[in-house]
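One-letter residues, chain by chain:
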Amino acid sequence: MRFLFVMDPAETMHPDKDTSFAFMRAALDLGHGVFHCQPRDLFQRGAVVFTTARPTQVSALPPHVTQGPGEVFEVAEMDAVLIRKDPPFDVAYGHLTRQLDLIKHLTLVVNDPTALRDANEKLYAFHFVEHMPPSMVSANPEQIRAFVAEVGGKAVLKPLDGAGGSGVVALATDDPNTRALIDLITREGREHALVQKYLPAIRTGDKRVLLLDGEPLGAILRVPRPDDIRANIHVGGQVQPTELSERERALVADMGPKLRAVGLWFVGLDLIGEHLIEVNVTSPTGIQELGRFTGSRPEEAVIRWVETRSREFRSK
């Protein structure tokens, strides 16, 4: 099969951390052709979408990524398209999803581009509000300050389009910086932000649960530095093995079929203290860490699923 990865520049992948790198390696190990392009490489004539893509090899040894010359392909001729572009979800990302909407009835696109466009990673969690901590979305600084007081005087504020822990700040009613932080994140009331009750369980870690077609592949625990509230690996969070509690399994069992139904097949759920914080759908990470802790190759399970799903798709 031929798999097209639409993502950031291939040379930016870290061989020991990137989930996209692991997917490419697994696909190559299973005998498939791997091609890479950036969103800007897509173009269309009428409703036919093309790309200039480069055949790509990855290796644990330097050079970790090697690519051949660019070739023009009709995207629908690929057996599967994996959208692995990192956030932020900006205007260009929206255009990408609309272009791929034109061909998703012709070939498998993971995740479904319409679902990606609908599922802001902060706001989409509100479809499962029964699993969330007390949360609010507002651009109004006074409303945010009132919410902080209402939930006990401590909260976390996040920009809606941030990623990797960028822009996440702690608020406290007795902190003289709180007003300034709210003004900064909301751009003085011009942009909405997400504010959530502070959960002390963050000190023991943030669980990243990876789902494939609605079922859990496993979970890792990301523990923040002592001087930070953010557990993201990108900002220094330490990764540890973990298991799901009974309540967390029930949460996943409730959410999984609903995510599958809309075409959100590979998803990363972020949980703190058995509460849902975010639903990561653009380019969820953590699969290499999960594989090391479990002694397995969860990335191969994902590629096997793509193989099977592609065959089913083509046989329709």
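Quick note: structure is the one above.
Keep in mind it's a predicted model, so treat the numbers as computed, not measured.

The rules we used
- Residues numbered from 1 in each chain as written.
- Predicted model: local features only at pLDDT ≥ 70, side-chain atom pairs only at ≥ 80, totals over all residues.
- Heavy atoms only, no water.
- Pairing = 2+ DSSP bridges.
- Helix = DSSP H or I, 4+ residues; strand = E, 2+ residues; numbered from the N terminus.
- Axes fitted to C-alpha atoms, helices over the stretch in contact; angles between N-to-C directions.
- Left-handed = near helix turned anticlockwise from the far one by under 90°.
- Contact = heavy atoms within 4.5 Å.
- Nonpolar A, V, L, I, M, F, W, Y, C, P; charged D, E, K, R; others polar.
- Buried < 20%, exposed > 50% of the residue type's maximum accessible area, 1.4 Å probe, protein only.

(A) Local environment of the sheet that holds strand S11 (residues 169-172). The strand order across the open sheet formed by four strands is S9-S12-S10-S11, and the pairing between neighbours is antiparallel. Unpaired on one side and paired on the other, strand S9 (135-138) and S11 mark the two borders of the sheet. Across the sheet, the mean angle separating the axes of adjacent strands is 30° when strand polarity is ignored. Pairing of strand S10 (residues 154-159) with S11, which is carried by four bridges, proceeds in the antiparallel orientation. Across the sheet, Leu157 pairs through a bridge with Val169, a residue of S11.

(B) Geometry of the packing of helix H1 (residues 19-29) against helix H8 (residues 298-315). Closest axis-to-axis distance for the H1/H8 pair is 9 Å, and the angle between their directions is 65°. As H1 packs across H8, the resulting crossing turns out to be right-handed. Residues Ala22, Phe23, Arg25, Ala26 and Ala27 of H1 pack against Glu299, Glu300, Val302 and Ile303 of H8. Of the residues contributing to the contact of H1 with H8, the split by class is six nonpolar, no polar and three charged.

(C) Just unusual backbone geometry, in detail. Going from Pro62 to Pro63, the amide bond is cis rather than trans, its omega being -10°. With omega at -10°, the peptide bond leading from Val110 into Asn111 counts as cis. Mapped onto the elements of the fold, Asn111 is located in the loop between strand S8 (108-110) and helix H3 (113-118). The residue Glu188 is not glycine, and still its phi comes out positive at about 55°. With respect to the helices, strands and loops of the structure, Glu188 is situated in the loop between helix H5 (178-186) and strand S12 (193-197). The backbone phi angle of Asp213 is positive, close to 50°, even though this residue is not glycine. Secondary-structure assignment places Asp213 in the loop between strand S13 (206-212) and strand S14 (215-223). By relative accessible area, Asp213 is classed as buried at 18%.

(D) Local environment of the sheet that holds strand S16 (residues 266-272). As summarised here, the arrangement of the five strands in space is S15-S14-S13-S16-S17, forming an open sheet in which the pairing is antiparallel. Either end of the sheet is taken by a strand with one partner, and the two such strands are strand S15 (238-241) and strand S17 (275-280). The sheet shows a mean angle of 30° between the axes of neighbouring strands, taken without regard to direction. With five bridges joining them, S16 and S17 adopt antiparallel strand pairing. If you follow Ile272 over to S17, its bridge partner there is His275.

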